[in-house]
Amino acid sequence: MFRSLAGFNYRVWAGGALVSNIGTWMQRTAQDWLVLTQLTHRNATAVGIVMALQFGPQLLLLPLSGFAADHFDRRRLLMVTQATLGLLALGLGILTVTGLVRLWHVYVFAFLLGCVTAIDLPARQTFVSELVGDTDLPNAVALNSTSFNAARMIGPAIAGLLIAVVGSGWIFVINAATYIAVLASLGIIRTAGLHANIRAARTPGSFTEGFRYVWKRHDLRAILLMLFLIGTFGLNFPIFISTMSVTVFHVGAGRYGLLTSMMAVGSVIGALLAAKRAQPHVAFLFVGAAVFGLGFVLAACMPSYWLFGLALLIIGISAQTLTTTASSTVQLATEPAMRGRVMAILLAVALGGTPIGAPIVGWVADRFGPRWALAIGAASGLGAAMVCIRYLVRYRGLGLSIDKGRPRFSIDGAGGQTAR
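Please read these numbers as outputs of a predicted model, since none were measured by experiment.

Q: Sorry if this is basic, but what is going on with the nonpolar core here?
A: Core analysis: the largest hydrophobic core is formed by 119 residues, its most contacted members being W13 and F308. Each of domain 1 (1-142 + 150-195) and domain 2 (206-413) contributes no fewer than three residues to this core. Once you skip the residues sitting within four places of it in the chain, F308 turns out to touch M244, F249, L259, A299, M302 and L374.

Structure representation (C-alpha cells):
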C-alpha cells in the first residue's frame, strides 16, 4: 500500500506536500467561514461565487496550463507556482488581520489563486510520474490523494478551533508559512533520481493537439464527461457543508470544521483502498459514481448532525474512489509526451465546471434550502454512473450472466477479469 514511499524523492515530496496541504485546507475553511459569517449574512451564493472565481481559471487557462506541464521543467515550474501561492495567502492574511478585508478582496484573491493553481495542478499531477515511474504511478497517485485528504481531515478541524481563538486572518498567514515545506522538498529532491519523461516538441498546433487526442479516445471522453458532471454539480462541498451547518444544524465554526474532517476520513479510506490496488479498473469508476449519488441522497435525508456526518463519510470514500481511479487510468492510458495536456483537460473539466455549478448550487441552497442543493449532488453522481454504463455497454461489451444463481458481469478487454 505504501510502496512508493520506499523511494527517497517521493518520500521527501510527500512530506512537504502534506504540510502544505494541511495549510491549504485550513485556509479554505477559514475563507468560506469568513465569507459566510463575516462578510455576508449567511449568503451561500457569495460562497459559490468565490468557488467559481477560484476554479474558473482551470478552464480559462487550459491551453497554457497543459502546454507548460508538457514543455517546461516541472520541478522548477512548481517552485514558482508554490512560492506565488504562498505570497497570495500572505496578502489575504494581512488584509484580514488588519481588518481591511472586504468581499471584493476575497473575490480578487480567489481569482488570482485560481490562475496560479491552474498552472500548478497539471504540473504537480504529472510530476508524480517523474518521481516514481509508470510502474508505481497508480500507487503514488493514490498516496497523493491520501495526503491531500488526510490534510482535509486535519486542516479544517484545526481551522475551526483557531477561527474562534485568533480569527480567520491568522489562518491565512499560517498557510503562507506552510509553503516553505513544499519549496524545501523540491529543493532537496535528487534530480539525478528523477524518471525523465519525454518532452513534447514545440510545434504549431501544440495547444490544440491535446483536444484532438482526447476526442479520438472513447475511454477518455467517457471519463471526462463523468468528471464534468460530478465536478460541476457534486464537488461543491464548501456550499453543502457550510449551509447545512449554519442554517439546518445551527452549529459554530468548530463543528463546521469537524464535518469537513469527517468527510475527509472517508476520502482517506477511499484513497488508501486505491493505493492497495495494483492497477485501476474501469468497474471502480461506476461503483464510485453510483455510491457518490446514493451518498448524497442519504445526506439530504439525514435528520441530525451526526447522521449527516456519517453520510459525508460515504460520500468521501466514493468520491475518492472515482477521482483517483480516473486520474490513474487517464495517465496510464495517455502517451507520456501528451500527459500534461491531457491532465490539464481532465482538471479543467473536473474543476472548471465550478463557475457553472457552484453559483447554481448556492442559489438553490438560498432559495429552496440546503437539502435541495444536496439533491443536485445526488443527480450528478447517478448521471455519471449512467455515462459509465453506456460506455461499458457500447465500447467494452458489458455482459450479464448467471453463475450458480449469482449475477456476473463481464467486460471485454479487461484482462480476463470479471466483476461481480
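From this point, the narrative continues.
Q: I would appreciate a short explanation of the domain arrangement of the chain in the present structure.
A: When the parts of a complex come together, some accessible area is lost, and that lost area is often taken as the interface size. For the chain, the assigned domains read domain 1 (1-142 + 150-195) and domain 2 (206-413). Once you take the C-alpha centre of each, domain 1 and domain 2 turn out to be 21 Å apart. Counting residues at the interface gives 47 residues for domain 1, matched by 59 residues for domain 2. For the pair domain 1 and domain 2, the two sides together bury roughly 4400 Å², of which 72% comes from carbon and sulfur. Looking only at domain 1, the three residues that lose the most surface to domain 2 are M1, W33 and R152, adding up to 13% of its buried area. The interface formed by domain 1 and domain 2 contains 0 salt bridges. Looking at the side of domain 1 that touches domain 2, the elements that each hand over two or more residues are α1 (8-39), α2 (44-55), α3 (57-60), α4 (62-71), α6 (103-132) and α7 (137-166). With 12 residues, the single largest contributor to the side of domain 1 that touches domain 2 is α7. Taken together, the residues that form the side of domain 1 that touches domain 2 break down as 26 nonpolar, 14 polar and 7 charged.

Q: How should the confidence of the model for the chain be read in this particular structure?
A: Of all residues in the chain, 92% have pLDDT values of 70 or greater, and the mean over the chain is 84. Within the model, the stretch residues 414-420 combines pLDDT values under 50 with 13 contacts to residues more than four positions away or in other chains.

Q: Would you mind going over the packing of helix α16 (residues 354-368) against helix α17 (residues 370-395) with me for this structure?
A: Two packed helices can be described by the angle between their axes and the distance between those axes. Axis separation between α16 and α17 bottoms out at 6 Å; the angle between their running directions is 145°. Along its contact with α16, which presents V361, V364, A365 and F368, the element α17 presents P370, W372, A373 and I376. Here the contact of α16 with α17 is composed, by residue class, of 8 nonpolar, no polar and no charged.

Q: What should I look at first to understand the packing of aromatic side chains in this one?
A: We describe a pair of aromatic rings using the distance from one ring centre to the other and the angle between the two ring planes. Summed over all chains, the structure comprises 10 aromatic pairs. Judged by centre distance (5.6 Å) and plane angle (85°), the rings of W363 and F368 are edge-to-face. Taking the relative accessible area as the measure of exposure, W363 reaches 46% and is therefore partly exposed. Among the aromatic residues, those joined into a cluster by ring pairs are F237, F240, F292 and F296. Just above the ring of W25 sits the side chain of R28; from NZ or CZ to the centre is 4.7 Å. One residue, R255, lies across the ring of Y305, its end atom 5.0 Å from the ring centre.

Q: Please clarify how empty space enclosed by the protein should be interpreted in this entry.
A: It is the rolling of a water-molecule-sized probe over the atoms that shows where space remains empty. One pass over the structure, following the stated rule, counts 3 cavities of 30 Å³ or more. What the largest cavity holds in volume is close to 60 Å³. Around the largest cavity sit P138, A274, R277, Q279, P280, T324, T325 and S328, which together line it. Split by residue class, the lining of the largest cavity holds 3 nonpolar, 4 polar and 1 charged.

Q: What am I meant to see in the side chain of S245 here?
A: Note that S245 resides in helix α11 (residues 237-248). The class for S245 is buried, based on a relative accessible area of 0%. Looking at S245, its side chain comes within polar contact range of the main-chain oxygen of I241, at 2.7 Å.

Q: I tried to follow the pattern of salt bridges on my own but got confused; where do I start?
A: Opposite charge on two side chains allows them to pair when their charged atoms are near. Under the criterion given, the structure shown has 3 salt bridges. Measuring nitrogen to oxygen at the nearest pair gives 3.1 Å for the salt bridge that ties R74 to E130. Of this pair, R74 sits in helix α5 (residues 74-97) while E130 sits in helix α6, placing them 56 residues apart in sequence. With a relative accessible area of 1%, R74 lands in the buried category. The exposure class of E130 is buried, given its relative accessible area of 5%. Notably, a salt bridge pairs D120 with R124, separated by 2.6 Å at the nearest N-O pair.

Quick notes on the rules
- Residues numbered from 1 in each chain as written.
- Predicted model: local features only at pLDDT ≥ 70, side-chain atom pairs only at ≥ 80, totals over all residues.
- Heavy atoms only, no water.
- Core = buried A, V, L, I, M, F, W, Y, C linked by side-chain atoms within 4.5 Å.
- Buried < 20%, exposed > 50% of the residue type's maximum accessible area, 1.4 Å probe, protein only.
- Domains from an automatic or database assignment.
- Contact = heavy atoms within 4.5 Å.
- Buried area = accessible area lost by both parts, 1.4 Å probe.
- Salt bridge = Lys/Arg side-chain N within 4 Å of Asp/Glu carboxyl O.
- Helix = DSSP H or I, 4+ residues; strand = E, 2+ residues; numbered from the N terminus.
- Nonpolar A, V, L, I, M, F, W, Y, C, P; charged D, E, K, R; others polar.
- pLDDT = per-residue confidence, 0-100.
- Axes fitted to C-alpha atoms, helices over the stretch in contact; angles between N-to-C directions.
- Phe/Tyr/Trp six-rings, centres within 6.5 Å; stacked < 30°, edge-to-face > 60°.
- Lys NZ or Arg CZ within 6 Å of the ring centre and 35° of its normal.
- 1 Å grid on protein atoms, 1.4 Å probe; cavity = no way out; pocket = protein on both sides within 12 Å on 5 of 7 lines; lining within 4 Å.
- Points joined across faces, edges and corners; volume = space filled by probe spheres on them.
- Polar contact = N/O pair within 3.5 Å; in protein donor to acceptor, adjacent residues only side chain to side chain.

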